[in-house]
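Structural characterization, general
The residues making up each chain are set out below.
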Amino acid sequence: MEVLEAIKTRRSIRRYKADPIDDKTIEAVLEAARWAPSWKNLQCSRFVVVRDDKMRNQLADTLFDIGKDMPNPAVKALRAAPVVIVACAELGKSGYNNEGKLSTDKGEYWYMFDVALAMQNLSLTAHSLGLGTVHVGGFDARRVADMLEVPPDFCVVSMTPLGYPDQEPKARPRKELSEIVFYGKFGSG
Ligand SMILES: Cc1cc2nc3c(=O)[nH]c(=O)nc-3n(C[C@H](O)[C@H](O)[C@H](O)COP(=O)(O)O)c2cc1C
């Protein structure tokens, strides 16, 4: 699958078949994450592969509601998919210069960028192999860190279920290029 085709046909998948995923396929999506660019190539991203049924359900329990009596739509996905990948980041690396000082006005949070790039590589590769994912950010990261025994110099950033899709969602709309792209200066068409 070509890159642009994969980008355009990927969807957030929230319904999964129970079919297992073989180890080689899981390794292929993790390999794509491994090759993502990162701040000074420090590669602060880490990935925890969770297959255990009980643990996946406990991860699902950490998701925040998106409104009153409105559960996060990814809860069922985490329970149903055979695998959940939890993305973590080593703190104090991304965004820092060689003297260990913050390099930019974005502070310490460049690790979010590194992990996002890795997770998008992972999602697109998963999609190209017929697997579904959905980036999940709305959860209690501290609880997840405790459950997975993530050390204190790392934090949990996001997670995704990984499995064979049991739905074919329509594309969600995107803004037109004319709304998001400026030529020369911000705001000029
Ligand atoms: C940073 C981030 C956090 C997200 N968190 C959640 C989430 O907690 N639950 C969920 O169901 N979807 C979540 N999503 C998925 C978005 O809702 C989805 O990508 C968006 O609606 C566009 O749909 P598409 O991915 O099918 O194109 C998240 C996506 C991103 C990029």
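The structure displayed is predicted, hence computed values, not measured ones.

Regarding the sheet that holds strand β3 (residues 154–162)
- Within the open sheet, the three strands sit side by side as β1-β2-β3. Their pairing is antiparallel. The sheet terminates laterally at β1 (45–50) and β3, the two strands that pair on one side only. Across the sheet, the mean angle separating the axes of adjacent strands is 25° when strand polarity is ignored.
- With six bridges connecting them, β1 and strand β2 (residues 83–90) associate as antiparallel partners. Counterpart to V50 in the pairing with β2 is V84.
- The strands touched by helix α3 (residues 53–61) are β1, β2 and β3; relative to β2, the strand with the most contacts, the crossing angle is about 60°.
- Sitting on the sheet, helix α5 (residues 110–128) touches β1, β2 and β3, and the angle it makes with β3 is about 15°.

Some words on the layout of surface pockets
- Here the largest pocket is characterised by a volume of approximately 430 Å³.
- In terms of lining residues, the largest pocket is bounded by I7, K8, R10, R11, S12, R14, Q120, P169, K170, A171, R172 and R174.
- Residues belonging to the lining of the largest pocket are distributed by class as follows: three nonpolar, two polar and seven charged.
- In this structure, the second largest pocket encloses a volume near 220 Å³.
- What lines the second largest pocket is simply L91, Y111, A141, R142, A145, D146, V150, P151, P152, F154, C155 and V156.
- Going through the elements one at a time, α6 (141–147) and β3 are the ones with two or more residues in the lining of the second largest pocket.
- Looking at the lining of the second largest pocket, its residues break down into 10 nonpolar, no polar and two charged.

What counts as what
- Residues numbered from 1 in each chain as written.
- Predicted model: local features only at pLDDT ≥ 70, side-chain atom pairs only at ≥ 80, totals over all residues.
- Heavy atoms only, no water.
- Pairing = 2+ DSSP bridges.
- Helix = DSSP H or I, 4+ residues; strand = E, 2+ residues; numbered from the N terminus.
- Axes fitted to C-alpha atoms, helices over the stretch in contact; angles between N-to-C directions.
- Contact = heavy atoms within 4.5 Å.
- 1 Å grid on protein atoms, 1.4 Å probe; cavity = no way out; pocket = protein on both sides within 12 Å on 5 of 7 lines; lining within 4 Å.
- Points joined across faces, edges and corners; volume = space filled by probe spheres on them.
- Nonpolar A, V, L, I, M, F, W, Y, C, P; charged D, E, K, R; others polar.

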